[in-house]
Amino acid sequence: SGEGFQSVFYEVDQNENISSTPGHETIGQVYYDWGVDAPSGISTDAFYGEINGYLETKFTEDLTLVFSVDDSIKVWLDDVLVINEWGWNSRENFTYTFSAVAGQRYKIYIEYMERGIGAALSMGWEGQALGSEVVPIEYMYLE
């Protein structure tokens, strides 16, 4: 019965200075494909996002989080930096595997940067019992 993660996006200028005022806020699944556009309310081709929430796992198993990103990403799991790919990436997949316990919630914090041209970000998961899929919204919580 999850409602999704909180996503907040900000405009970024040519020097990669991040605006202090959000341009777009939403609650939902981490599955974005803006193409050459940006979230509504963002007027530049470069933007920064902060996405956070709690992920509830389905099974007790080694779980792999899979992030597909264009351009940059940092991911924290329970306040530990587990992915740090802050360069220029073009729809690259980055993963982190951990021992998950069924029904437990794990704190997720994501920083995202779009530097120009194509923009996309999605969060999936893989496991032996789970298979592979984009994380369904019903396993994503604000608290």
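Residues numbered from 1 in each chain as written. Predicted model: local features only at pLDDT ≥ 70, side-chain atom pairs only at ≥ 80, totals over all residues. Heavy atoms only, no water.

Student: How would you explain the packing of aromatic side chains if you had to name every residue and give the values?
Tutor: Under the definition given, this model contains twelve aromatic pairs. For the ring pair Phe9 and Phe47, a centre distance of 6.0 Å and an interplane angle of 80° mean the geometry is edge-to-face. Taken as a pair, Phe9 in strand 1 (residues 5-11) and Phe47 in strand 4 (residues 47-56) lie far apart in primary sequence, 38 residues in all. Per residue, the accessibility class of Phe9 equals that of Phe47, and both read buried. Ring centres of Tyr32 and Trp34 lie 4.8 Å apart, and the angle between their planes is 5°; this geometry places the pair in the stacked category. Residue classification places Trp34 among the buried residues on the basis of a relative accessible area of 13%. One Lys or Arg, Lys74, reaches over the ring of Trp86 and ends 5.1 Å from the middle of that ring. (Phe/Tyr/Trp six-rings, centres within 6.5 Å; stacked < 30°, edge-to-face > 60°. Helix = DSSP H or I, 4+ residues; strand = E, 2+ residues; numbered from the N terminus. Buried < 20%, exposed > 50% of the residue type's maximum accessible area, 1.4 Å probe, protein only. Lys NZ or Arg CZ within 6 Å of the ring centre and 35° of its normal.)

Student: Would you mind going over the pattern of salt bridges in detail, with residue names and values included?
Tutor: Taken as a whole, this structure holds five salt bridges when the rule is applied. Between Glu133 and Lys58 there is a salt bridge; the shortest N-O distance is 3.2 Å. Here Glu133, found in strand 11 (residues 131-134), pairs with Lys58, found in the loop between strand 4 and strand 5 (61-70); they are 75 residues apart in sequence, far enough to count as distant. The partly exposed category is assigned to Glu133, whose relative accessible area is 29%. With a shortest N-O distance of 3.0 Å, Asp79 and Lys107 are connected by a salt bridge. In this pair, Asp79 sits in the loop between strand 6 (72-77) and strand 7 (80-85) while Lys107 sits in strand 9 (residues 105-114), placing the two residues 28 residues apart along the sequence. A relative accessible area of 57% places Asp79 in the exposed class. (Salt bridge = Lys/Arg side-chain N within 4 Å of Asp/Glu carboxyl O.)

Student: Can you break down unusual backbone geometry residue by residue, with the values?
Tutor: At Glu16, a position not held by glycine, the phi torsion is positive, near 65°. Of note, Glu16 is situated in the loop between strand 1 and strand 2 (24-28). Even without being a glycine, Asp79 presents a positive backbone phi close to 70°.

Student: Help me get a handle on the environment of Phe94, residues and values and all.
Tutor: Among the structural elements, Phe94 can be located in strand 8 (residues 92-100). Residues Phe94 and Ile83, eleven residues apart in the sequence, show an inter-C-alpha distance of 7.3 Å. Apart from residues no more than four positions distant in its own chain, Phe94 is found in contact with Leu65, Val66, Phe67, Val69, Ile73, Ile83, Glu85 and Asn89. (Contact = heavy atoms within 4.5 Å.)

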